[in-house]
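Single-letter residue listing:
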Amino acid sequence: MHVRPLAAADLPAALELTQLQKWSHRLDDWELHFRLGRGFGAVDDDGRLLGTTLWWAYGDAFGTVGLVVVHPDAQGRGIGRKLMDAAIADAGDRTLRLCATQAGLELYRRCGFVA
């Protein structure tokens, strides 16, 4: 598994990841978020998308993180953390905020986020 920048060609697979979680995103939503933000994908050796994260800059000082999702079969293997680390590093010195689901709360705490 490795983390790389998310590509437009990844969006249908990213949509499938959110559908597996029963999130309400549509392909149009993914396209908008992708166009406005910067994203990363975790892929296996066969190129299958295992997880995503995106972040959006609000100037040079702030940003938000979202669409952190990992395939259910791949959860618990550190993929979410690697995706978060990539987004945090890419955001530089910005203060980042996020909206967390209960499922992601522990991951975000381990990454240094606080309520």
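Our structure is the block above this text.
Only a predicted model underlies this, so the values are computations on that prediction, with no experimental measurement involved.

Scoring rules and cut-offs
Residues numbered from 1 in each chain as written. Predicted model: local features only at pLDDT ≥ 70, side-chain atom pairs only at ≥ 80, totals over all residues. Heavy atoms only, no water. Core = buried A, V, L, I, M, F, W, Y, C linked by side-chain atoms within 4.5 Å. Buried < 20%, exposed > 50% of the residue type's maximum accessible area, 1.4 Å probe, protein only. Helix = DSSP H or I, 4+ residues; strand = E, 2+ residues; numbered from the N terminus. Contact = heavy atoms within 4.5 Å. 1 Å grid on protein atoms, 1.4 Å probe; cavity = no way out; pocket = protein on both sides within 12 Å on 5 of 7 lines; lining within 4 Å. Points joined across faces, edges and corners; volume = space filled by probe spheres on them. Nonpolar A, V, L, I, M, F, W, Y, C, P; charged D, E, K, R; others polar.

## Observations concerning the nonpolar core
Core analysis: the largest hydrophobic core is formed by 19 residues, its most contacted members being I79 and M84. For this core, the secondary structure elements donating two or more residues are β2 (38–43), β3 (49–58), β4 (62–70), α3 (79–91) and α4 (105–110). Among residues more than four places away in sequence, those in contact with I79 are M1, A42, L50, V70 and A74. Membership of the second largest hydrophobic core comes to twelve residues, among which are L11, L17, W30 and L67.

## Section: the layout of surface pockets
What the largest pocket holds in volume is close to 540 Å³. If you trace the largest pocket, you find 25 residues lining it, with V68, V70, A103, G104 and L107 closest to the centre. Where the lining of the largest pocket is concerned, the elements lending two or more residues are β4, α3 and α4. In terms of residue count, β4 provides more of the lining of the largest pocket than any other element does, six residues in total. Of the residues in the lining of the largest pocket, the class split is twelve nonpolar, nine polar and four charged. Approximately 290 Å³ is the volume found for the second largest pocket. Lining of the second largest pocket is provided by 17 residues; of these, L98, Y108, F113, V114 and A115 occupy positions nearest its centre. Among the elements of the structure, α3, β5 (95–98) and α4 are those that each provide at least two residues to the lining of the second largest pocket. Of the residues assigned to the lining of the second largest pocket, the class counts are twelve nonpolar, two polar and three charged.

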